[in-house]
Number of protein chains: 2
Amino acid sequence: MFESAEIGHKVDRETYEKELPALREALLDAQDELVRKRGFQVVIIISGVDGGGRRESVHLLNEWLDPRHIETHGMGEPTDEEHDRPPMWRFWRVLPPRGKIGIFQGSWYSLPILDRVYGKCRNVDLEEAMEGNVRFEKMLSDEGALILKFWFHLSKPFQKSRLKSLEKDANTRWRVTKRDWEHFGLYDKFRKTSAEALRLTSSAQAPWYIIEGSDERYRSLMLGKIVLEALRLRLSSEHGPSHSIPSLPRLPRVDNLHILKSLDLNQKLARTEYEKKLEAYQGRLNVLTRDPRFGSISVVAAFEGNDAAGKGGSIRRITSALDARMVQVIPTAAPSDEEKAQPYLWRFWRQIPRRGRLAIFDRSWYGRVLVERVEGYCSEYDWLRAYNEINEFEAQLAHHGIVVLKFWLSISADEQLKRFQMREQTGFKHYKITDEDWRNRERWTDYEQAVCDMVDRTSSDLVPWTLVPANDKYHARIQVIKTLCEGIEAGLKRVRKR
Amino acid sequence: MFESAEIGHKVDRETYEKELPALREALLDAQDELVRKRGFQVVIIISGVDGGGRRESVHLLNEWLDPRHIETHGMGEPTDEEHDRPPMWRFWRVLPPRGKIGIFQGSWYSLPILDRVYGKCRNVDLEEAMEGNVRFEKMLSDEGALILKFWFHLSKPFQKSRLKSLEKDANTRWRVTKRDWEHFGLYDKFRKTSAEALRLTSSAQAPWYIIEGSDERYRSLMLGKIVLEALRLRLSSEHGPSHSIPSLPRLPRVDNLHILKSLDLNQKLARTEYEKKLEAYQGRLNVLTRDPRFGSISVVAAFEGNDAAGKGGSIRRITSALDARMVQVIPTAAPSDEEKAQPYLWRFWRQIPRRGRLAIFDRSWYGRVLVERVEGYCSEYDWLRAYNEINEFEAQLAHHGIVVLKFWLSISADEQLKRFQMREQTGFKHYKITDEDWRNRERWTDYEQAVCDMVDRTSSDLVPWTLVPANDKYHARIQVIKTLCEGIEAGLKRVRKR
């Protein structure tokens, strides 16, 4: 969920100052049109972690836009009068009318998330509140509202160093209270809870925009650009039937960084080291699958990666360690006629292993948001809804006690070229390289974008993505089998608890 | 929820035998086109109470349609193999492919509802399961499936007499087991639980068709006509963007009965009796609102009814019994400009009373599914989604401890005519009759249909509709104030429990 917002996004002063004037002017123009047309209302939710820039973002919007047509609501604890009514009442009554922008610092997300973090409610209560939020926002959206939800995030190390450096400076020391450190002590719980809340409520009508908050210029530019683009898209769209899903902007790229770039692809392992480790992990894996508790769980592992990233090799290092009756490798090719006559997830559902078994998918249900998206095999609406459908699918597996692992094997464009050429030159590997591989390569940046979106929208505490730097095959294989062993161990521990 | 399925619908043999041949032929034609085009799959869920005709309906469909293209699944308890996988797996794997019809007797509703009835899970678990079902069906629908969900219902008295008469006959006695009577003992619990489940899952993509099961000819004709109409609508629709809400048939009228017709509108109360009762109830109401516990609750009462049905008179009998500072009457006229700039529920949200107060709405948020629907002031999509939105709105009020009551004051067309003419003839009542009233009257049957749909789709255990026969004003006023007193009493009792 927060992967792309923990990699140190930054915008330098020069870029920022160059971009700002045009952005502000465009924002004012868009707002002016909004006010004149009064076609819809805008609801902006500003949330996130302490110090992530919520307050500053609210100020910025008020500075950049015409404040006469903005209503800012800092919703803290409910008042007595509000306590007397249902929890949503205080939000209902301050919704902005058409033509206005309502900014909510503190929203229908704040209390349910905090109550859960402080243990005042159960997980199922949080889920119920989030379902209610989805329905509420769907109704607002159906009624014409444009809903923009921002979450400003800081990584744990950054949050810690932020507090420390504020404390060091005599001028800012006052800003760090005991309560801030208490909050920091809850960082992991808060991260987990909010990731779950965001996953459940990132709907087609109102997706979350998760923005790294550590660099003020970066987060400000992101905020401004998303608001502008959303206003523009909405103002320019023909007023279609009210039940069409509104077009909303994708996360813009304002710096040159993304999660794949933040990986060090060249991590290496020497051959002798590799062989020693491989033997050790293969042994461990074999022992784990013969644990009596293994009969109560099962394993689903999905492998994705660049062409020629070494998925097959990694998979073979796993299967060769296992009793062949326990494990099935399911290669995913273009769908058959039988499969085409069913929902796209159907062919994967059928392959879910029974208890005590492993299923390894060589490419998987993620094809929908990778190749099908990039090649235009399905509509934007179809691949956008797939993120939620996939999350739901995997959550069902995980809740049933299945260990679900997913790997992205990442190689650089140069490394891929080398491997393609090698395959063409080596007779017995020739079959592994096709025109399609070369065509896919031309779409490198489209695939990169699709992979980043995929990881951001489908990585959760429950079922995280493992990104594997794979320029060095030894390194990649060991990381994969190690992650698999650890995943199974965690799964076995949960059996004992039940 | 079940109002329209407890009024003794019946179709005589002659009508049935006259309609059947054409229906069967049309069904086969439609299925033939489905099979040839293979454009979508059809999922039919057959559920309901014992003896409501589930088994017979499944047989009928297999008899009427070409069974080679039907897959029938009687899903009972999960097998060992199924237990090994997530609960939905067994449904996933048997989904019909495009061009086929899958009939599920026993579905993703059965176990969650039964588990709740038998107290094996909490209410919140049922809600979670139902949310999961909504998401699952939305995905299927987005993938192109046509989903038809049937619920066959029997009223409690009918169920009882059915079991008794089966027992009386030596030939059928074997069909009634101890288990049937045990089930009957759970009737109320089952009715309440399934009403809640149906309310939560009657989505735009897959609404429930609730059919009274007591008369075999009636329920068979309904089933056949709905399946036929749904196939036809879908086959004839241009294949639009996949995220449009599919057109689904409304409940057909195969007999001449509906809930409004099943009311005895001429129930009467003599004047002296009326005056005695009115005084008693007004006193009781006043005492109730001075109960110390009344400070913990509040009351929202919505009045709807035919023009000239006597809403105002009933409301005045309430307000005159109360401290004027406690109660507010909110008349609902055409929305103001300020109100038009907001979601349609906004102007009602704002008027939610604080604790210790009553708010009486003279016409209400139901305008959306009555006048706005009938007069075409909003699109079909808009008033269809309103049922769920209104349920959600009222559930939020009720969960907050607010006593929510809603009254439909029903008069006959003749009685209305008499009152209209009287108003025109009486000088001081002249202002109460307008051209609009006469126009509405021309749409009598459209309004009737809208009222029946409204009651079916928004009456729940939590917030039931009270249908008030109002040809006699005395009778109507006493029923209203009595219901109000009882509602407040129930609300006060819940306070003690908390």
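Residues numbered from 1 in each chain as written. Chains lettered and ligands numbered in written order. Predicted model: local features only at pLDDT ≥ 70, side-chain atom pairs only at ≥ 80, totals over all residues.

Draft legend 1. Here's a closer look at the overall build of chain A. A tally of regular secondary structure across chain A gives 20 helices and 10 strands. Taking 2.2 N^0.38 as the reference for a compact globule, 498 residues should give roughly 23 Å; the C-alpha atoms of chain A span a radius of gyration of 25 Å, in line with that estimate. For chain A, the spread of C-alpha atoms along the principal axes amounts to about 70 × 55 × 50 Å. Burial statistics for chain A: of 498 residues in total, 38% are counted as buried. Counting contacts in chain A only where the partners sit at least 6 residues apart, residues at least 24 apart contribute 82% of the total. (Helix = DSSP H or I, 4+ residues; strand = E, 2+ residues; numbered from the N terminus. Rg over C-alpha atoms; globule rule 2.2 N^0.38 Å. Buried ≥ 20, exposed ≤ 12 C-beta atoms within 10 Å, placed from the backbone. Contact = placed C-beta atoms within 7 Å.)

Draft legend 2. Expanded view of the interface of chain B and chain A. Residue-level contacts link 45 residues of chain B with 44 residues of chain A. Contributions of two or more residues to the side of chain B that touches chain A are made by helix H4 (89-92), helix H6 (123-142), helix H14 (346-349) and helix H16 (380-399) of chain B. For the side of chain B that touches chain A, the residue count by class is 19 nonpolar, 6 polar and 20 charged. (Nonpolar A, V, L, I, M, F, W, Y, C, P; charged D, E, K, R; others polar.)

Draft legend 3. Summary view of the domain arrangement of chain A. Residue and element names in this part refer to chain A. Annotation of chain A at the domain level lists domain 1 (3-236) and domain 2 (271-497). Its C-alpha centre places domain 1 at a distance of 34 Å from the equivalent point of domain 2. Among the elements that make up the side of domain 1 that touches domain 2, the one with the highest residue count is helix H9 (residues 187-201) (3 residues). In the side of domain 1 that touches domain 2, the residues fall into 3 nonpolar, 2 polar and 3 charged. (Domains from an automatic or database assignment.)

Draft legend 4. Looking closely at the pairing of strand S3 (residues 101-105) of chain A. Here 5 bridges tie strand S1 (residues 42-48) of chain A to S3(A), and the two strands are oriented parallel to one another. When the bridges of S3(A) are listed, Ile44(A) appears paired with Ile103(A). (Pairing = 2+ DSSP bridges.)

Draft legend 5. Up close: the relation of the copies chain B and chain A. Note on the copies: chain B fits chain A at an RMSD of 0.1 Å, the axial shift is 0.0 Å, and the rotation between them is 180°. In the structure described here, the two chain copies are related by an operation that fits a two-fold rotation axis. Looking at the interface residues of chain B, 98% of them are also at the interface in chain A, so both copies use one shared face. (Least-squares fit on C-alpha atoms with pLDDT ≥ 70 in both.)

Draft legend 6. Broad picture of the packing of helix H7 (residues 156-168) of chain A against helix H8 (residues 178-185) of chain A. All names here are of chain A. Close contact between H7 and H8 brings their axes to 11 Å; oriented N to C, the two are set at 165°. The angle between H7 and H8 places the two elements in the roughly antiparallel class. Judged by the twist between their axes, the crossing of H7 over H8 is left-handed. Here H7 contributes Gln 159, Lys 160 and Leu 163 to the contact with H8, which in turn contributes Asp 180, Trp 181 and Phe 184. Among the residues making up the contact of H7 with H8, the classes are represented as 3 nonpolar, 1 polar and 2 charged. (Axes fitted to C-alpha atoms, helices over the stretch in contact; angles between N-to-C directions. Parallel < 35°, antiparallel > 145°, perpendicular 65-115°, else oblique. Left-handed = near helix turned anticlockwise from the far one by under 90°.)

Draft legend 7. The arrangement of the sheet that holds S1(A) in detail. All names here are of chain A. One open sheet accounts for 5 strands, arranged S2-S3-S1-S4-S5; its pairing is parallel. Unpaired on one side and paired on the other, strand S2 (70-74) and strand S5 (208-212) mark the two borders of the sheet. Strand-to-strand, the axes of this sheet are offset by a mean angle of 20°, without reference to chain direction. In terms of strand pairing, strand S4 (residues 146-153) meets S5 through 5 bridges, oriented parallel. If you follow His 153 over to S5, its bridge partner there is Glu 212. Packed on one face of the sheet, helix H2 (residues 54-64) meets S1, S2, S3 and S4 and runs near 155° to S1.

Draft legend 8. Looking closely at the environment of Leu462(A). Residues and elements named next belong to chain A. Here Leu 462 is to be found in the loop between helix H19 (444-458) and strand S10 (465-469). Separated by 235 residues in the primary sequence, Leu 462 and Val 227 place their C-alpha atoms 31 Å from one another. Every residue in contact with Leu 462, bar those within four places of it in the chain, is listed here: Ala 395 and Ala 398.

Draft legend 9. Inspection of the sheet that holds S10(A) at higher detail. All names here are of chain A. Here 5 strands make up an open sheet; going across it, the order is S7-S8-S6-S9-S10 and the pairing parallel. Both edges of this open sheet fall to strand S7 (327-331) and S10, since each of them pairs with a single strand only. Across the sheet, the mean angle separating the axes of adjacent strands is 20° when strand polarity is ignored. Bridging between strand S9 (residues 402-410) and S10 involves 5 bridges; their strand directions are parallel. The residue of S10 that forms the bridge with Leu 409 is Val 468.

Draft legend 10. Local environment of the packing of helix H5 (residues 110-117) of chain A against H9(A). Residue and element names in this part refer to chain A. As a packed pair, H5 and H9 sit with axes 9 Å apart at the nearest point and diverge in direction by 140°. Of the possible angle classes, the one that applies to H5 and H9 is oblique. The interaxial crossing formed by H5 with H9 has right-handed handedness. Where H5 abuts H9, its residues Ile 113, Arg 116 and Val 117 lie against Lys 189, Phe 190, Thr 193, Ser 194 and Ala 197. For the contact of H5 with H9, the class distribution of residues is 4 nonpolar, 2 polar and 2 charged.

Draft legend 11. Quick look at unusual backbone geometry. Residues and elements named next belong to chain A. The backbone phi angle of Arg 363 is positive, close to 70°, even though this residue is not glycine. Relative to the helices and strands, Arg 363 is located in the loop between strand S8 (358-362) and helix H15 (371-374). Of the residues examined, Arg 363 has 17 C-beta atoms within 10 Å and is grouped as partly exposed.

Draft legend 12. Region of interest: the environment of Arg355(B). When you line up the elements, Arg355(B) lands in the loop between H14 and strand S8 (358-362). Residues Arg355(B) and Val299(B) lie 56 residues apart in sequence; the distance between their C-alpha atoms is 8.4 Å. The residues touching Arg355(B), leaving out its near neighbours within four places in the chain, are Asp84(A), Gly295(B), Ser296(B), Ile297(B) and Ser298(B).

Draft legend 13. Looking closely at helix H1 (residues 13-37) of chain A. Residues and elements named next belong to chain A. Taking 1.5 Å per residue as the helical rise, H1 with its 25 residues ought to reach 36 Å, and the 36 Å between its terminal C-alpha atoms agrees with that figure. The principal kink in H1, of about 35°, is found at Leu 20, preceding the proline Pro 21 by one to four residues. Buried residues belonging to H1 abut S1, H2 and helix H10 (216-236). Where H1 terminates, the next one or two residues include Arg 38, which has phi positive at roughly 50°. (Expected span 1.5 Å × (residues − 1). Bend = angle between axes of the 7 residues up to and from the residue.)

Draft legend 14. Examining the confidence of the model for chain A more closely. Residues and elements named next belong to chain A. For chain A, per-residue confidence averages 90 on the pLDDT scale, and residues scoring 70 or more make up 97% of the total. Here helix H18 (residues 435-442) stands out as the element of chain A with the lowest mean pLDDT, 81, in contrast to S9, whose mean of 97 is the highest. With pTM at 0.85, the complex prediction returns an ipTM value of 0.81. (pLDDT = per-residue confidence, 0-100.)

Draft legend 15. Here's a closer look at the environment of Leu358(A). Mapped onto the secondary structure, Leu358(A) falls in strand S8. The spatial distance from the C-alpha of Leu358(A) to the C-alpha of Ser298(A) is 5.8 Å, given a sequence separation of 60 residues.

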